Structures are given as C-alpha cells and as structure tokens.
Amino acid sequence: MPLPEPGSPPVLNLWKAGLDAVPPEVWRRADWEVLILADNALTEIPAAVGRLRALHTLDLGHNALTAVPDEIGEPAGLTRFLYLHDNRLTALPDTLGGLDRLGYLNVGENPLGRLPAALGEMAGLVELRAQQAELTELPESLGRLGRLRELWLGGNALTALPGSLAALGELRLLELRDNALRHVPEALRALPLLRRIDLRGNRIAELPPWIVRLPSLEKLDLRWNTVADGAEPVRALRERGCVVLT
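None of the values given here were measured: they were computed from a predicted structure. (Residues numbered from 1 in each chain as written. Predicted model: local features only at pLDDT ≥ 70, side-chain atom pairs only at ≥ 80, totals over all residues. Heavy atoms only, no water.)

Draft legend 1. Up close: the pattern of salt bridges. With the rule as written, the count across this model stands at twelve salt bridges. The partner of R53 in a salt bridge is E74, with the nearest N and O atoms 3.8 Å apart. Of the two residues, R53 sits in the loop between β2 (34–36) and β3 (57–59) while E74 sits in the loop between β3 and β4 (81–83), which places them 21 residues apart along the sequence. Of the residues examined, R53 reaches a relative accessible area of 48% and is grouped as partly exposed. (Salt bridge = Lys/Arg side-chain N within 4 Å of Asp/Glu carboxyl O. Helix = DSSP H or I, 4+ residues; strand = E, 2+ residues; numbered from the N terminus. Buried < 20%, exposed > 50% of the residue type's maximum accessible area, 1.4 Å probe, protein only.)

Draft legend 2. View of the packing of aromatic side chains. On inspection of all chains with the given rule, the structure shows three aromatic pairs. Members of the aromatic cluster, each reached through a chain of ring pairs, are F81, Y83 and Y104. The ring of W152 has R129 sitting right over it, with the charged end atom 4.0 Å from the ring centre. (Phe/Tyr/Trp six-rings, centres within 6.5 Å; stacked < 30°, edge-to-face > 60°. Lys NZ or Arg CZ within 6 Å of the ring centre and 35° of its normal.)

Draft legend 3. Highlighting unusual backbone geometry. Positive phi, normally seen in glycine, also occurs at D39, with a value near 60°. For D39, the position within the fold is in the loop between β2 and β3. Positioned with a positive phi, E109 is a non-glycine residue whose angle comes to about 55°. By the element assignment, E109 lies in the loop between β5 (104–106) and β6 (127–129). E109 sits in the partly exposed class, given a relative accessible area of 37%.

Set out below in structure tokens:
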C-alpha cells in the first residue's frame, strides 16, 4: 500500500481501506500527527503506536479490536481526538490516564461493562462519550474531570451517578437516555452551567424541586418516562423559558 512520501504532510488516512492489519510501513514514520484507521477489520494495534509522539488525532473506530495496548497512553502529543468506538473492547488500559491533555475520547459501542478509575486522570477532557458500553456504574474518579463540558452515557444500564460528578462545574450537556434511572441524579443540582439534560427512556416518575433552580438549564428531555406533563417543576421550568419534553 503506497504511503505518503517522506517530507509530505504527516497525515495518514486509511479509512475504509479494507485492512485486517496495519501495514508495517506505517510504524516506520514516527512523525504522524493524524492517523485514521477507522472502518476496517483490524483486530489488534501493535505496541508501536506508543512511538508516535507527535500524534494528536488517532481514529480506531469501527473495527474489530478486542484490546488496545498499554502503549496507547504514551503519545505525548495526543491532545485532540481519540476514537475507540464500535469495536469489541471488554476493557480499557489504565495507561489511558497518561493522556492528560487529550480533549475528546469516544469509547462507546464496546462491551466494556466498566470504565477504569484512571480516566479521572485525563484532566484535559472536554468531551467524553461512553454510550452503549454496558455500563452499570461509573467510577467516582470522573468527578476530577474539571474541564468536561459534554458527557454522553446513553444506552447503558446506569441506576445512579456518583456524587463526585457534582464537581463537574464546566459541564454543559449530559446525555443519559435509555438507562435505568428512577430519579434525577442528585449530583446535578450543583452544576451551574448545565444547559441540556437528556433523560429519555428511563424510569423517572417525578422531578425534584431543585431542578427548577438550575440556573442555566435550557432543555430537559423526559420523554418515555412517567413524569406528568402538568407536574409543578415542569410548569415552572417552562414558565422561565426552558424547553421540557414529556
């Protein structure tokens, strides 16, 4: 497979290239900044990925990976995007915590069952996506992600959120659709910048009075729950201009 010539821009796009393994010549160039290997049939990524110290974007989504090497946490330049979604991952390495400048992480659509506590060390995260990952709980350490603005957790089996998420003072969007929540998580009452909450398809029957006092709330989606459309908090939120869908 022909690769860019030496001296060419350090961007390699092998999207939908029909690969079942990464060509060895990919690892012979260490200055890649963008490496896209999405939508192939890859079952493994070699440890050589750790040598790509200039890499800021790595897309491994839509493959057949059952594991990623510990070395994935080593590229010091990985600051923008890491896509691991839609694979067959049953665990994430603790070494991901070393990517403390990464802004975006997508680990959704994998049978993970749990997220490692080490994700709490990824202090640069602005957006975390872990949808449809068979999660039943979240680690308390996620409360350390002080820069997080968007948290996507739909399609799991969560019954509660850890209280530590009350420390996510920058959070703007929280997506929790299609989980098993019976109550609006208490931690949300401490989030002054929260604008959108998606609770579709849970088991919530009533809203707590404090939800009306969330100062930035613009949209609350409660469809496919049993909250009454005429409930007092629903009415109060609508009166102040918040869009409430029931």
